[in-house]
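# Summary of structural features
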Amino acid sequence: MAKNKKDDKSLSYSELVTKRNELKKQYMDLRFQMVVGHVDNPLQKRTMRREIARLNTLIHQQDLENFRKAAAEAIAK
């Protein structure tokens, strides 16, 4: 999983959003399976939730970076 974290930092904004949306869909499917009772690894839910949160953090960091660049350009003009 440590390798995955390093790979995620190099992804573009749109790739991060796409990956997060895919994980959210998988997470919802997993939640449904847990309600039905057909889950092999219940800890998978926690790891998926944490990975989604990590992706949200990376997306937010890129948003802030883009905002700061735009603000600096606006001030420079």
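Values in this document were obtained by computation on a predicted structure and should not be read as measured data.

What counts and how
Residues numbered from 1 in each chain as written. Predicted model: local features only at pLDDT ≥ 70, side-chain atom pairs only at ≥ 80, totals over all residues. Heavy atoms only, no water. Core = buried A, V, L, I, M, F, W, Y, C linked by side-chain atoms within 4.5 Å. Buried < 20%, exposed > 50% of the residue type's maximum accessible area, 1.4 Å probe, protein only. Helix = DSSP H or I, 4+ residues; strand = E, 2+ residues; numbered from the N terminus. Contact = heavy atoms within 4.5 Å. Axes fitted to C-alpha atoms, helices over the stretch in contact; angles between N-to-C directions. Parallel < 35°, antiparallel > 145°, perpendicular 65-115°, else oblique. Left-handed = near helix turned anticlockwise from the far one by under 90°. Nonpolar A, V, L, I, M, F, W, Y, C, P; charged D, E, K, R; others polar.

### Comments concerning the nonpolar core
- In terms of nonpolar packing, the biggest core is built from nine residues, these being L16, L23, Y27, L30, M48, I52, L55, L58 and I59.
- For this core, the secondary-structure elements that each account for two or more residues are α2 (13-36) and α3 (44-76).
- Among the elements that take part in this core, α3 stands out by supplying five residues, more than any other.
- Setting aside chain neighbours within four positions, we find L55 in contact with D8, L16, K19, R20 and L23.

### A closer look at the environment of L11
- Among the secondary structure elements, L11 is positioned in the loop between α1 (2-9) and α2.
- Separated by 48 residues in sequence, L11 and I59 have C-alpha atoms that sit 9.9 Å apart.
- If near-sequence neighbours (up to four positions away) are discounted, L11 is found in contact with L16, K19 and Q62.

### A word on the environment of K9
- Checked against the element boundaries, K9 lands in helix α1.
- The exposure class of K9 is exposed, given its relative accessible area of 62%.
- Measuring from C-alpha to C-alpha, the distance between K9 and L55 comes to 9.0 Å, with 46 residues separating the pair along the chain.

### Examining the packing of α2 against α3
- Contact pair α2 / α3: the axes reach a minimum separation of 9 Å and the direction vectors enclose 155°. By the angle between their directions, the pair α2 and α3 is classed as roughly antiparallel. Here the hand of the crossing between α2 and α3 comes out left-handed. Contacts between α2 and α3 pair Y13, L16, V17, K19, R20, L23, K24, Q26, Y27, L30, R31 and M34 from the former with Q44, K45, M48, R49, E51, I52, L55, N56, L58, I59, Q62 and D63 from the latter.
- In terms of residue class, the contact of α2 with α3 is made up of twelve nonpolar, four polar and eight charged.

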